[in-house]
Amino acid sequence: MTTITDNDAHDLDPDFLDFAGAEALRAAGRVEPADGKAVDAARRAVREAVARDMATTTGGRGRRRRRFTVSAVAVAAVAAGVLVLPVTGMDGAPPASANAATFLRDVADTAAEKPASHARYWKVRARYAMSTRPGQEQTTWYSRTSVTIRNPGGRESSVCHGDFCTFDKRVGQTSWSVGGELVTWDELAELPTDPQALRTRLLGGSTDGDRSLYNGIVQLLATAPSGPHLRAALFEILAGMDGVRLLGPMRDGEGRQGTAVEWQGPAVHHILIVDPASSTVLEHREKLGTPPGRWATTFLSTGPTSELG
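This text gives an overview of the structure that appears in the document. (Residues numbered from 1 in each chain as written. Predicted model: local features only at pLDDT ≥ 70, side-chain atom pairs only at ≥ 80, totals over all residues. Heavy atoms only, no water.)

1. Re the overall build of the chain
Next, step 1: Helix and strand counts for the chain stand at nine helices and 14 strands.
Next, step 2: Within the chain, the proportion of its 309 residues that are buried is 42%.
Next, step 3: A fraction of 55% describes how many contacts in the chain between residues 6 or more apart in sequence connect residues 24 or more apart. (Helix = DSSP H or I, 4+ residues; strand = E, 2+ residues; numbered from the N terminus. Buried < 20%, exposed > 50% of the residue type's maximum accessible area, 1.4 Å probe, protein only. Contact = heavy atoms within 4.5 Å.)

Take a look at the structure:
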């Protein structure tokens, strides 16, 4: 059972240095600045380490970021009196010094590494809650030609067998809204994975600007069988949006631990809780009006499946 409350309190975990030489950095703490030669040598070591690291991380999206794992970076940081922090710690939580952009871009890298799905169905089990009322659960199976819903609440224009009601493509073809146009499952694979080109496509001819952009991103991340590189591009776009702020560790309505980012739209305040280890959207919250009405969609499970049920 899910209810929406104002309890969005959260605590950031302590910084965690996840690379060789971390203990040296911890022991060093705040050190006196090194002389010019040491600083120059440290900078050279950092540049060389980054260049080697980046040279081995090319993939479907081209150049990729990754956490530093070379001791040269740690040694150089100690020598120069600077502190190097990775984007995420061992438990997936961002350090206090991270921001929304660095966190979301790291999640984009995680998304890009996931395998593509070729299953017959895409299953979304979600709980929808409004204000302080208990949530209502619904399970939806998307195929390339139809949508099947368990307990759809007496909707018309469907063929029902027991608790399962199927809407064929003449009535409700599997599709998602992208820039004001409906895109089918197969057409998702044709969307651009370059973040700037995808951003343009998502905006379409919309006059709502970032509001349409944000809603399109959440829909494609949370409910659509978007491929790994499409999901990565969506997180990249979200990272570049004005006003997106990192809240840090937060639990969803099921008690699952994730990391939350927020975006204040023209009329609605949004909170998105993501599992950074899997790049999965756990929950989307909205607040609207004065006093604010509250809505939340908790995505209990999302992913490919070979059969109904």
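Text resumes after the structure shown.
2. Concerning the packing of aromatic side chains
Next, step 1: Using the criterion set out here, one finds two aromatic pairs in the structure.
Next, step 2: Relative to Trp176, the ring of Tyr142 has its centre 5.3 Å away and its plane inclined at 50 degrees; by these criteria the two rings are tilted. Taken together, the residues span a long stretch of sequence, with Tyr142 in strand E4 (residues 136–142) and Trp176 in strand E8 (residues 175–178) at a distance of 34 residues. Trp176 carries the same exposure label as Tyr142, and that label is buried.
Next, step 3: The ring of Trp185 is capped by Arg144, whose NZ or CZ atom sits 4.2 Å from the centre of that ring. (Phe/Tyr/Trp six-rings, centres within 6.5 Å; stacked < 30°, edge-to-face > 60°. Lys NZ or Arg CZ within 6 Å of the ring centre and 35° of its normal.)

3. Some details on the environment of Thr297
Next, step 1: Here Thr297 is to be found in strand E14 (residues 293–305).
Next, step 2: Considered as a pair, Thr297 and Ala126 are 171 residues apart in the sequence and their alpha carbons are 6.6 Å apart.
Next, step 3: Excluding residues that lie within four positions of it along the chain, Thr297 makes contacts with Ala126, Arg127, Tyr128, Leu282, Glu283 and His284.

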